[in-house]
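# Understanding the architecture of this molecule
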Amino acid sequence: MKLEESFYQRKDVVKIAKELLGKVLITNINQNITGGIIVETEAYSFKEKGCHAYNNRMTERNKVMFEDGGRAYVYLCYGIHHLFNVVTNVEGKADAVLIRALEPILGETYMLKRMKTQSIKRVTSGPGKLTKALGIDRRLNGHYLLHGRVWIEDYGITFPKNSIRASSRIGIAYAEEDADLPWRFTVKGSEWISKMVIGNRAI
DNA sequence: TAGAGGATTGAT
DNA sequence: TCAATCCTCTAC
């Protein structure tokens, strides 16, 4: 069952980021259905410095974040990678959840083809990789998640509270004290989460 | 309008 | 450890 507007348009982006774990992100690009169970997310709020929309700063890039919840915010990072976010909260309140890793369950063949690899373990374990595997790019920026080519479904999978790990978000050292907010959520023990490194420590 | 830098990744 | 790669934002 597709998640409805009311799921996205709530105020608590951190809660939504946790609840998205276990949901299934699906795309239909050129009739190729691909998708996976979300196992890693990060919450971003306009109230903190890690967010593109901090202090209500609206630019050409992030203006989708200021629209009503339930849309895709896709942007290009490092000139190479497309990153996929879910816009949450109501119009004017620019919150979003970055999807960082999936467990592939639909269209594995297409994903392997897009990633030019034989290893399914590597196709969706990182925010830049999963967008490529699912065929997501900036053309889907602003796209409504309730119909069309990209959406999120509830497959009835719920991870118990004690199996969700909260840690600090990746790659936002510039956010000063807000860089320490424990707003990255991963499924404990999942072999599908991203392998980013903080300092010398692999996490 | 030029210049710097980024919510990453994979190869070395 | 570092290059790839280009869009976005800021300052001038």
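Since we're looking at a predicted model, the values are computed, not measured. (Residues numbered from 1 in each chain as written. Chains lettered and ligands numbered in written order. Predicted model: local features only at pLDDT ≥ 70, side-chain atom pairs only at ≥ 80, totals over all residues. Heavy atoms only, no water.)

Another aspect to go through is the layout of surface pockets. Roughly 680 Å³ of internal volume is contained in the largest pocket. Every residue lining the largest pocket is counted, 30 residues in all, and those nearest its centre are Cys77, Tyr78, Leu83, Arg100 and Ile170. Take the lining of the largest pocket: its biggest share by element is four residues, from strand β3 (residues 72-77). Among the residues making up the lining of the largest pocket, the classes are represented as 16 nonpolar, nine polar and five charged. Approximately 250 Å³ is the volume attributed to the second largest pocket. Considering the residues around the second largest pocket, the lining is formed by Lys15, Lys18, Glu19, Leu21, Lys23, Asp154, Ile157, Thr158, Phe159, Lys161 and Ile164. With three residues, the single largest contributor to the lining of the second largest pocket is helix α2 (residues 13-19). Broken down by class, the residue content of the lining of the second largest pocket amounts to four nonpolar, one polar and six charged. (1 Å grid on protein atoms, 1.4 Å probe; cavity = no way out; pocket = protein on both sides within 12 Å on 5 of 7 lines; lining within 4 Å. Points joined across faces, edges and corners; volume = space filled by probe spheres on them. Helix = DSSP H or I, 4+ residues; strand = E, 2+ residues; numbered from the N terminus. Nonpolar A, V, L, I, M, F, W, Y, C, P; charged D, E, K, R; others polar.)

What follows covers the packing of helix α3 (residues 108-115) against helix α4 (residues 127-134). The geometry of α3 relative to α4 is characterised by a closest axis approach of 8 Å and an angle of 115° between their N-to-C directions. Regarding the angle of α3 to α4, the classification is roughly perpendicular. In this structure, the crossing between α3 and α4 has a hand that is right-handed. Across from Met111, Arg114 and Met115 in α3, the residues of α4 making contact are Lys129, Lys132, Ala133 and Leu134. Its residues assigned to classes, the contact of α3 with α4 comprises four nonpolar, no polar and three charged. (Axes fitted to C-alpha atoms, helices over the stretch in contact; angles between N-to-C directions. Parallel < 35°, antiparallel > 145°, perpendicular 65-115°, else oblique. Left-handed = near helix turned anticlockwise from the far one by under 90°. Contact = heavy atoms within 4.5 Å.)

Taken together, 21 residues are adjacent to DNA strand B, and His52, His81, Asn85, Gly126 and Tyr174 come closest. Measuring from a base nitrogen of DNA strand B, one finds a side-chain N or O atom of Tyr75 at 3.2 Å. One nitrogen or oxygen atom from the main chain of Gly128 is found 2.9 Å from a phosphate oxygen belonging to DNA strand B. Elements that contribute at least two residues to the surface near DNA strand B include exactly β3, β4 (81-88), β5 (95-106) and α4. (Near = heavy atom within 4 Å. Polar contact = N/O pair within 3.5 Å; in protein donor to acceptor, adjacent residues only side chain to side chain.)

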